[in-house]
Amino acid sequence: MHKPSRIPAAQSLDLVQRPRRNRKAEWARRLVSEHVLTTNDLIWPLFLIEGKNKRVPVAAMPGVDRLSVDEAVQEAEKAVKLDIPAIAFFPYTEPHLKDEHGSEAYNEGNLVCRACRAIKKEFPGLGLVTDVALDPYTSHGHDGLVKRHGDDLRVLNDETVEALVRQALNQARAGADVIAPSDMMDGRVGAIRDALDDENFVDVQILAYAAKYASAFYGPFRDALGSAGALKGDKPTYPRDPANSDEALREVELDLDEGADMVMVKPGMPYLDIIRRVKDEFGFPTFAYQVSGEYSMIMAAAQNGWIDGDKAMMEALIAFKRAGADGVLTYFAPRAAEKLKQA
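Residues numbered from 1 in each chain as written. Predicted model: local features only at pLDDT ≥ 70, side-chain atom pairs only at ≥ 80, totals over all residues. Heavy atoms only, no water.

K.L.:
Can you help me understand the packing of aromatic side chains in this one?
P.N.:
Tallied over the full model, the rule gives ten aromatic pairs. On the numbers, 6.3 Å between centres and 50 degrees between planes, the contact of F47 with F90 is tilted. Of this pair, F47 sits in strand β1 (residues 42-48) while F90 sits in strand β4 (residues 86-91), and the two are 43 residues apart along the sequence. Exposure class is identical for F47 and F90. Each is buried. On the basis of an interplanar angle of 15 degrees and a centroid distance of 5.7 Å, the ring pair of F47 and Y331 is categorised as stacked. Pair noted here: F47 is in strand β1 and Y331 is in the loop between β12 (327-330) and α11 (333-342), with a separation of 284 residues, a long-range link. Given a relative accessible area of 1%, F47 falls into the buried group. Grouping aromatic residues by their ring pairs yields a cluster made of F47, F90, Y209, F221, Y289, Y295, Y331 and F332. Residue placement shows K266 over the ring face of Y218; its charged tip is 4.9 Å from the ring centre. (Phe/Tyr/Trp six-rings, centres within 6.5 Å; stacked < 30°, edge-to-face > 60°. Helix = DSSP H or I, 4+ residues; strand = E, 2+ residues; numbered from the N terminus. Buried < 20%, exposed > 50% of the residue type's maximum accessible area, 1.4 Å probe, protein only. Lys NZ or Arg CZ within 6 Å of the ring centre and 35° of its normal.)

This is how it looks when you write it as structure tokens:
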């Protein structure tokens, strides 16, 4: 019969610092925590669809639905109850409403404008963030107006900026609190700021997608908007090359000089270094967009039992805060808010 082996007595190490002491108990870990995630850090993106009492699941984004305006109002109520400060809108535009010029973007009765008016009426204290770009509305799927050269398309910068100004004003008149141009056209922030001020929307903020990268992580989002099938070619001439970081700082500076109140880095997790550089360099409110592909990867792995979905969600969100983000646009917003309220 073997006796249990004894662990030999170890000689006590002569250590001045024992970092594990600060991790010995949950209360101690709370005291020394360097970053905290709260519901104040969350913006909840919603997809809109025509109809009434309608929720259509987005196949590539488990747990996310396209919502009719009345259903979006219900989600807005949920956001208020969860203390989520703002929601953002992205419309699924019916194919028959799309054209070469994105004309539906200027329609005062489009999905985004109707949602703004309906939600502002019920919940005036909830922040509304509206996306400015033409890709949900164009038959070719690009963010701007295009000129055709045979089978090739060239996205026109200055003509697009004029169109984006019209779109931004349309949204501001409907009650948008924050205009968020995601198109990446040169000069669009200054043009939008001037137009807003001229119409006395001086308190409407601009959240510029200042460091938006060309990314494979946008795939599920394009499916949710119905723009994936329409997109002709790719978008390398206006989003940023993933290899570049100095370029991001130059464009963030330009957007701030043109009047942006806040800036965004998109996608989020693969670009934590950019978030850190932007925050350190400029000190302006800086947001991360945890994009659809990031969300779907966590959800898919969790559904297959490969990771703990809730823990992965919270770990990813605190990573944005650690990198310097002041807030995060995330499809996990309501789920994360529920977890934070239980803590």
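There's plenty left to go through after this.
K.L.:
Got a minute to help me understand the pairing of strand β9 (residues 205-212) in this structure?
P.N.:
Side-chain direction in a regular strand flips from residue to residue, so the side chains alternate between the two faces of the sheet. By the criterion of burial, β9 is predominantly enclosed, with seven of the eight residues buried. Bridging between strand β8 (residues 178-181) and β9 involves two bridges; their strand directions are parallel. Looking at β9, one finds that V178 is bridged to Q205. In the classification by handedness, the crossover that spans β8, the intervening helix α5 (residues 188-198) and the parallel β9 is right-handed. By the bridge criterion, four bridges tie β9 to strand β10 (residues 262-266) in an arrangement that is parallel. Bridging across to β10, A211 finds its partner in V265. (Pairing = 2+ DSSP bridges. Right-handed = clockwise from strand over helix to strand, strands pointing away.)

Distances and angles like these do not, on their own, reveal function.
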